[in-house]
Structures are given as C-alpha cells and as structure tokens.
Amino acid sequence: MFKYTIKRLLQSLVTVLIVGTIVFLLMRMLPTDYFFTEDQLMKLTEEQKNEQLLAAGLLDPIPEQLLHFYGQIVRFDFGKSRRIQSGVDVIKVIGSKFTVSMRLGVISLVISLITGVILGIIQTLNKDRLLDHVGTAYTIFVNAVPSLVSYSLVLVFGSRVLGLPSMYSTRNPSQSSILPIVCLALASIASYALWTRRYMVDELNKDYIRLARVKGLSSREIMTRHVFKNAFVPLVQYIPASFLYTIGGSLLVERFFSVPGMGPLLTDSIQRYDTNVVQTLTIIYAALGILGVFLGDVLMMIVDPRIKLTGKEGTR
C-alpha cells in the first residue's frame, strides 16, 4: 500500500507538471498584444510596451520562464491576477469562487448519490417491470437530450411553476441555489442508478447467489448481505472522482445560472488573458481529477480488503 501510494503520488506530480507546462507554453504562444488592454494598446508606445513585457518576464527565454514557473509552483506562489482582480493574489481570487462551487457541488453530489443508488436498487427489485422501465427511460432521456435543453426545462419548470429564482443571487443563495443543484445532480443520478442496477443484476446472476437461495436465505438477506455489498464495491471507486469534479464546478451549469464559481472564472480568465489565473485553475483541475482517481482506488480497497493495490503479477 505504501509503495503504491508513493508511486501514484509521483506519477500524479509528473502528470500535473506536464499539464501545467502545456498550458504555460500555449499561453506564451499567444501574441504579446493580448497582454495589454485596448486602451493600453492605443496609448502606450512600443518602448513602453516592451518595458512592461520585460518587467513581467515575458521577454525572457522560454526555458528561463518555465524554470521560474516551476519555482513558483514549488513555493505555492501563483502570482497575482492582472485582469480579473488586478493586483490580487490568484489564490484569493480563486478561493472566493471555490467556496461557492464547493457548496453547490457537495450538496448536488449527496443528492445524486443517495437518489441514484436508491433508484438503482428499486429498478433491480422490479426488474423488467414498470418502475424499472421508468428508471431506464429517465436514464436514456438524461443521456440523450443535450444538457442545455434539460437545463432549460428545469429553469422553465422551476421558475414559472415553482416560483424559484432563475438566476443565482448572493443576496438569496439558498433559494437561488436550488435549480443549479438540480441541474448538477441530473446526470449523476442517472449514472449512479444505471451502474447500481447493472452491478446488482450481475451479482444476482452469479452462482453464489443461487447457492444462497438453495441454503434457504431470504431475498432480503441475499440483497443486503451479498448483492448490494458486492455491487457497491466497483461503484464506490467513482465517488471521490465525482466529488472532486463537482467541487471543481460545472462550466455549463454555473454559466447558465450566472453562478460566481470556478466554472465561469476559467472562461473569463481565458478571454481576458489573465495568464496566472488560467495556469492556476488548470493545475487545480488536473490535480482534482488525478486525486479523484487515486482516492477511488483507495476507497475501493477499504470497502473490500480482498482488493490489493500492489503485489504479484495479476494484481492491480
């Protein structure tokens, strides 16, 4: 376990550095005119522009800039924002947005996990019956319909029928968060329901279940002691990843409902050429994704101690 953890952490670190390097180089490939605002382009002379670029280190050789960038990452110094909040530390800019995304993400994840697993269990218990068909229809609908269409339906129904706020408001965060949370949870509910049903049906068709029935175990005992427990093992692997992805924020949902989270911040910082914010957000998203996969493996091993993360040939 210890060797596996060290190995995965080193691999994760390398992956994050590669992602950060690619984004860094892409940002440096853009014309230097993007560094200035429209007013600065009109008012500043070429000499003044070069002085500002030199002060920002953008005229240094790329390898030198890259080494400086790595040094900042090691010191957890991600610089200051130039456009989003001029002169403010990037960590402070992102921190305020991260809190909003985290709150919406955690709530939507809890709702989607509980609802999705319960729906999957109900479908399994009523396999090939009406409730199973209803659950399958919901899953197909959510996956088949474009996200913007489903979000629009939620928006229309929630605002016109239920009277909920259509846009997010910092003055009324509780009520205005309901529709974004529902939209964030829609796809996850369908996903958890689909995989819960699939894993439970697979378990019901295995030989040890037939043997348990022969031994006289009731259907409830079979479902609680064997089917659900074993079916939940592969499902639990995706929970940390879903949790971290959701905290990262949904680009589409947050922009659709004007939520001041991390999602709109990324697109805004790209459009406004706020280099430090773009680089930091990219690293955060990469780290969240990698950490989610790693925690999924660890959590699966905790749920089922028979799973080994390292070992002889044939083990993970």
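See the structure shown above.
Definitions and limits used
The residue count restarts for each chain, going from 1 along the sequence in the order it is written. Thresholds applied to this predicted model are a pLDDT of at least 70 for local features of residues and 80 or more for the giving and counting of side-chain atom pairs; totals over whole chains, interfaces and linings are not thresholded and use all residues. Water and hydrogen atoms play no part in the side-chain values, which are based on all heavy atoms of the structure. In this text, helices come from DSSP runs of H or I with a minimum length of four residues, and strands from runs of E with a minimum of two, each type numbered from the N-terminal end. Atoms counted for the radius of gyration: C-alpha only. Globule rule: 2.2 Å times residue count to the power 0.38. Accessibility here uses a 1.4 Å probe with only protein chains present; expressed as a share of the type maximum, an area under 20% marks a residue as buried, one over 50% as exposed, and anything in between as partly exposed. Whether two residues are in contact is decided by their heavy atoms, any of which lying within 4.5 Å being enough. Here the Shrake-Rupley method, with its probe set to 1.4 Å, supplies the accessible areas, and only the displayed protein chains count as covering residues. The positive count covers Lys and Arg only, the negative count covers Asp and Glu only, and His and the chain ends enter neither. Each charge is placed at NZ for Lys, CZ for Arg, CG for Asp and CD for Glu. In this analysis, a patch consists of residues with relative accessible area above 30% that form no salt bridge, clustered at 9 Å for like charges and at 5 Å for the nonpolar side chains Val, Leu, Ile, Met, Phe, Trp and Tyr. The working definition used for a salt bridge is a side-chain nitrogen of Lys or Arg within 4 Å of a carboxyl oxygen of Asp or Glu. Axis definition: a line fit to C-alpha positions, over the contact stretch in the case of helices; interaxial angles, taken between N-to-C directions, run 0 to 180 degrees. These descriptions rest on fixed angle ranges, namely under 35 degrees for roughly parallel, over 145 for roughly antiparallel, 65 to 115 for roughly perpendicular, and the rest for oblique. Each crossing is labelled by how the near helix is turned from the far one, with a counterclockwise turn of less than a right angle marking it left-handed and a clockwise turn marking it right-handed. When residues are grouped by polarity, Ala, Val, Leu, Ile, Met, Phe, Trp, Tyr, Cys and Pro land in nonpolar, Asp, Glu, Lys and Arg in charged, and all others, Gly among them, in polar. Here a cavity denotes a set of grid points, spaced 1 Å apart and computed over the protein atoms alone, in which a 1.4 Å probe fits but from which it cannot get out, and a pocket denotes an open set meeting protein on both sides within 12 Å along at least five of seven lines; residues with an atom within 4 Å of a point are reported as lining. Grid points are joined across faces, edges and corners, and a volume is the space filled by probe spheres set on the points.

Caption draft 1: Summary view of the overall build of the protein. Across its full length, the protein carries 15 helices and 0 strands. Taking 20 Å as the expected radius of gyration for a compact globule of 316 residues, we find that the protein reaches 25 Å, considerably beyond that expectation. A principal-axis box enclosing the C-alpha atoms of the protein has dimensions of 85 × 60 × 30 Å. Going through the 316 residues of the protein one by one, you find that 41% of them count as buried. Within the protein, counting contacts between residues at least 6 apart in sequence, those at least 24 apart form 68% of the total. With the model as given, the accessible surface of the protein reaches about 18,100 Å², and the carbon-plus-sulfur share is 65%. Within the protein, one finds 32 positive and 22 negative side-chain charges whose respective centroids are separated by 12 Å.

Caption draft 2: Here's a closer look at a nonpolar patch on the surface. On the surface, a nonpolar cluster with roughly 610 Å² of combined accessible area is contributed by Met102, Val106, Val110, Ile114, Ile118, Ile122, Leu131 and Phe243. Broken down by element, the residue count for the nonpolar patch peaks at 6 residues, all from helix α5 (residues 90–125). Take Phe243: it is sitting in helix α12 (residues 239–248). The exposure class assigned to Phe243 is partly exposed, which follows from its relative accessible area of 30%.

Caption draft 3: Looking closely at the packing of helix α14 (residues 262–271) against helix α15 (residues 275–303). Interhelical geometry of α14 versus α15 gives an angle of 140 degrees and a closest axis separation of 9 Å. As judged from the angle between their axes, α14 and α15 are oblique. For the pair α14 and α15, the sense of crossing is left-handed. Touching Met262, Gly263, Leu265, Leu266, Ser269 and Ile270 of α14 are Val277, Val278, Leu281, Ile284 and Tyr285, all from α15. Of the residues in the contact of α14 with α15, the class split is 9 nonpolar, 2 polar and no charged.

Caption draft 4: Region of the structure containing the packing of α5 against helix α11 (residues 219–236). The contact between α5 and α11 brings their axes to 13 Å, and the two run at 130 degrees. What the angle tells us is that α5 and α11 run oblique. Here α5 and α11 pass one another in a crossing that is right-handed. Here Val117, Ile121, Thr124 and Leu125 of α5 lie close against α11, whose contacting residues are Met223, Phe228 and Leu235.

Caption draft 5: The environment of Lys49, seen in detail. Note on placement: Lys49 falls in helix α3 (residues 46–55). Residue class for Lys49 comes out buried when judged on its relative accessible area of 9%. With sequence-adjacent residues up to four places away left out, Lys49 is seen in contact with Phe36, Gln40, Leu41 and Leu44.

Caption draft 6: Representation of empty space enclosed by the protein within the structure. Inspection of every chain in the model, using the stated rule, returns 1 cavity of 30 Å³ or more. Mapped onto the lining of the largest cavity, the elements with two or more residues apiece are α4 (62–74) and α15. In terms of residue count, the dominant contributor to the lining of the largest cavity is α15 (4 residues). Residues of the lining of the largest cavity, tallied by class, amount to 4 nonpolar, 4 polar and 1 charged.

Caption draft 7: Structural detail: unusual backbone geometry. Located in the positive-phi region is Asp128, a residue other than glycine, with phi close to 65 degrees. In this fold, Asp128 is placed in the loop between α5 and α6 (130–144). Phi at Ser258 takes a positive value of approximately 55 degrees, unusual for a residue other than glycine. Inspection of the secondary structure puts Ser258 in the loop between α13 (251–256) and α14. Taking relative accessible area as the criterion, Ser258 reaches 44% and is therefore assigned partly exposed.

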